[in-house]
Amino acid sequence: MEEGAMGAQVSIGDFALMTGLSRKALRHYHDIGILEPAHVDPGTGYRFYDTGQVDHAHIIRRFRSLGMSIPDIKALLSTDDAGARTAIITTHLEQMEAALAQTRDTVGALRELLAPASPPADVTLRHEPALAVWSVGATVDVFGIDDWFAAALRTLHRAVAAATGAPDAVVSGGLYERALFLEQHGRALLFVPAPPSVEPPEGVRAEVLPRTEFAVLTHPGGHDGIDRSYAALGIYVNEHLISGQGPIREHYLGGTPTDPARFTATEICWPIFGTTAPSV
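As the structure is a computational prediction, the values presented were derived from the model and not from experiment.

(A) Spatial organisation of the overall build of the chain. Check the secondary structure of the chain and you find eight helices and 11 strands. Long-range pairs, those at least 24 residues apart, make up 70% of the contacts in the chain between residues at least 6 apart in sequence. Total accessible area on the chain stands at roughly 16300 Å², and carbon and sulfur atoms take up 57% of it.

Structure below.
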């Protein structure tokens, strides 16, 4: 950007007063080349600025206050191309909007924490019969589970599509050992119902999940905010039922063939001691 017309030279102190930039900031901007003094006394090293640089300094301060990076400010000030300037500012605005959306989500989550987790009214008790599945399992750390989950889900959906030729989405599920919650490290397994009369491909295992009794709560969406649903379900189970010690099971609902991980709901299945008599 063009600096203003040359005017009177002023000391760094007066320039700081006029621009709102501290002595330290002015020295830093001099060092990195985005706001150089009009004159530096060779004997004393004192910096002097021109009054025509005030607008230039205000632009730097304003964009820094809006979080724009130094390289972007430098690029903005060094070009006379209006299109390039617009692109830089537009990109920064998009970054600010994304950060604002994230802040709103964080504020919403914090507001939820102000209300205690309460036992939900829509817990259902369910008997899940033995189920033949194709599965992908691994021992994982909690911090790496998202990447593992996405890769395992893709593997299972490709395997089913290749075996059946059907584009329809299948309902997938997961089993998670309690060690994952207790130690942040443990066994996780993703599964889909096994296609009939077909052997699984390499890397996918065929197995049968045993019959189990669950207390089930449906959480809207995927895993965002699911800790509150886990808390509510756990309160209900421990206050009204007898908690089992088996792995937690989840069912992922609403995924599509093109985006199998975009769930509309997640069923949390908490194992409990039997509520129905075993068949004879």
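(B) Structural context of the sheet that holds strand 3 (residues 47–50). Here we have three strands laid out as an open sheet, ordered 1-3-2, and antiparallel in their pairing. The sheet terminates laterally at strand 1 (9–11) and strand 2 (39–40), the two strands that pair on one side only. Across three bridges, the pairing between strand 1 and strand 3 is antiparallel. Residue pairing in the sheet places S11 in a bridge with F48 of strand 3.

(C) Highlighting the layout of surface pockets. What the largest pocket holds in volume is close to 630 Å³. Along its surface, the largest pocket is lined by 19 residues, and I145, D146, F149, H223 and E250 are the ones closest to its centre. Sort the elements by how many residues they give to the lining of the largest pocket and helix 6 (residues 145–164) lands first, with four residues. A per-class count over the lining of the largest pocket returns 12 nonpolar, four polar and three charged.

(D) Quick peek at the pattern of salt bridges. Within this structure, the stated rule accounts for four salt bridges. Residues E128 and R126 are paired through a salt bridge, measuring 3.2 Å at the closest nitrogen-oxygen approach. For R126, a relative accessible area of 24% translates into the label partly exposed. Here E128 makes a salt bridge to R249, at a shortest N to O gap of 3.7 Å. Linking E128 in strand 4 (residues 124–128) with R249 in strand 10 (residues 248–253), this pair joins segments that are 121 residues apart in sequence. Look at R249 and you get buried, because its relative accessible area is 2%. A single network of salt bridges, built from pairs that share partners, joins R126, E128, R249 and E267.

(E) Structural view of the sheet that holds strand 4. Pairing within the open sheet is antiparallel, and its eight strands lie in the order 4-9-11-10-6-7-5-8. The two strands at the open ends of the sheet, each matched to only one other strand, are strand 4 and strand 8 (205–209). Each strand of the sheet is rotated relative to its neighbour by a mean of 35 degrees, with strand direction disregarded. As judged from the nine bridges shared by strand 5 (residues 131–141) and strand 7 (residues 185–193), these two strands associate in the antiparallel manner. Bridge pairing in strand 7 links V136 to L190. Along the sheet, helix 8 (residues 226–240) contacts strand 9 (212–220), strand 10 and strand 11 (265–271); its crossing angle with strand 11, the most-contacted strand, is approximately 35 degrees.

(F) Inspection of the packing of aromatic side chains at higher detail. The final tally for this structure, using the stated rule, is five aromatic pairs. Summarising the aromatic geometry, the rings of F181 and Y230 are spaced 5.8 Å apart at their centres and angled 45 degrees between planes, so their arrangement reads as tilted. Linking F181 in helix 7 (residues 178–182) with Y230 in helix 8, this pair joins segments that are 49 residues apart in sequence. With relative accessibility at 43%, the residue F181 sits in the partly exposed group. Chaining the aromatic ring pairs together yields one cluster made of F149, Y252 and F263.

(G) Local environment of the pairing of strand 3. Note: strand 2 against strand 3, two bridges, orientation antiparallel. Considered in strand 3, the bridge of H39 is made with F48. Between strand 2 and strand 3, which pair antiparallel and follow one another directly, the connecting turn spans six residues, one of which, G45, has a positive phi of 80 degrees.

(H) Spatial organisation of the environment of T91. Tracing the chain through its elements places T91 in helix 5 (residues 82–114). Between the C-alpha atoms of T91 and D72, which are 19 residues apart in sequence, the distance is 9.8 Å.

(I) Up close: the nonpolar core. Counting residues in each nonpolar core, the largest one holds 21 residues, and the members touching the most others are F15, L26, Y29, L35, Y49, I60 and I73. Those residues in contact with F15 that sit more than four places away from it in its chain are V10, L26, L35, Y49, D50, Q53, V54 and A57. Listed in part, the 20 residues of the second largest apolar core include V140, A152, V192 and F263.

Procedures and definitions
- Residues numbered from 1 in each chain as written.
- Predicted model: local features only at pLDDT ≥ 70, side-chain atom pairs only at ≥ 80, totals over all residues.
- Heavy atoms only, no water.
- Helix = DSSP H or I, 4+ residues; strand = E, 2+ residues; numbered from the N terminus.
- Contact = heavy atoms within 4.5 Å.
- Areas by Shrake-Rupley, 256 points an atom, 1.4 Å probe, with all protein chains shown as cover.
- Pairing = 2+ DSSP bridges.
- 1 Å grid on protein atoms, 1.4 Å probe; cavity = no way out; pocket = protein on both sides within 12 Å on 5 of 7 lines; lining within 4 Å.
- Points joined across faces, edges and corners; volume = space filled by probe spheres on them.
- Nonpolar A, V, L, I, M, F, W, Y, C, P; charged D, E, K, R; others polar.
- Salt bridge = Lys/Arg side-chain N within 4 Å of Asp/Glu carboxyl O.
- Buried < 20%, exposed > 50% of the residue type's maximum accessible area, 1.4 Å probe, protein only.
- Axes fitted to C-alpha atoms, helices over the stretch in contact; angles between N-to-C directions.
- Phe/Tyr/Trp six-rings, centres within 6.5 Å; stacked < 30°, edge-to-face > 60°.
- Core = buried A, V, L, I, M, F, W, Y, C linked by side-chain atoms within 4.5 Å.

Read these as spatial facts, not as claims about activity.
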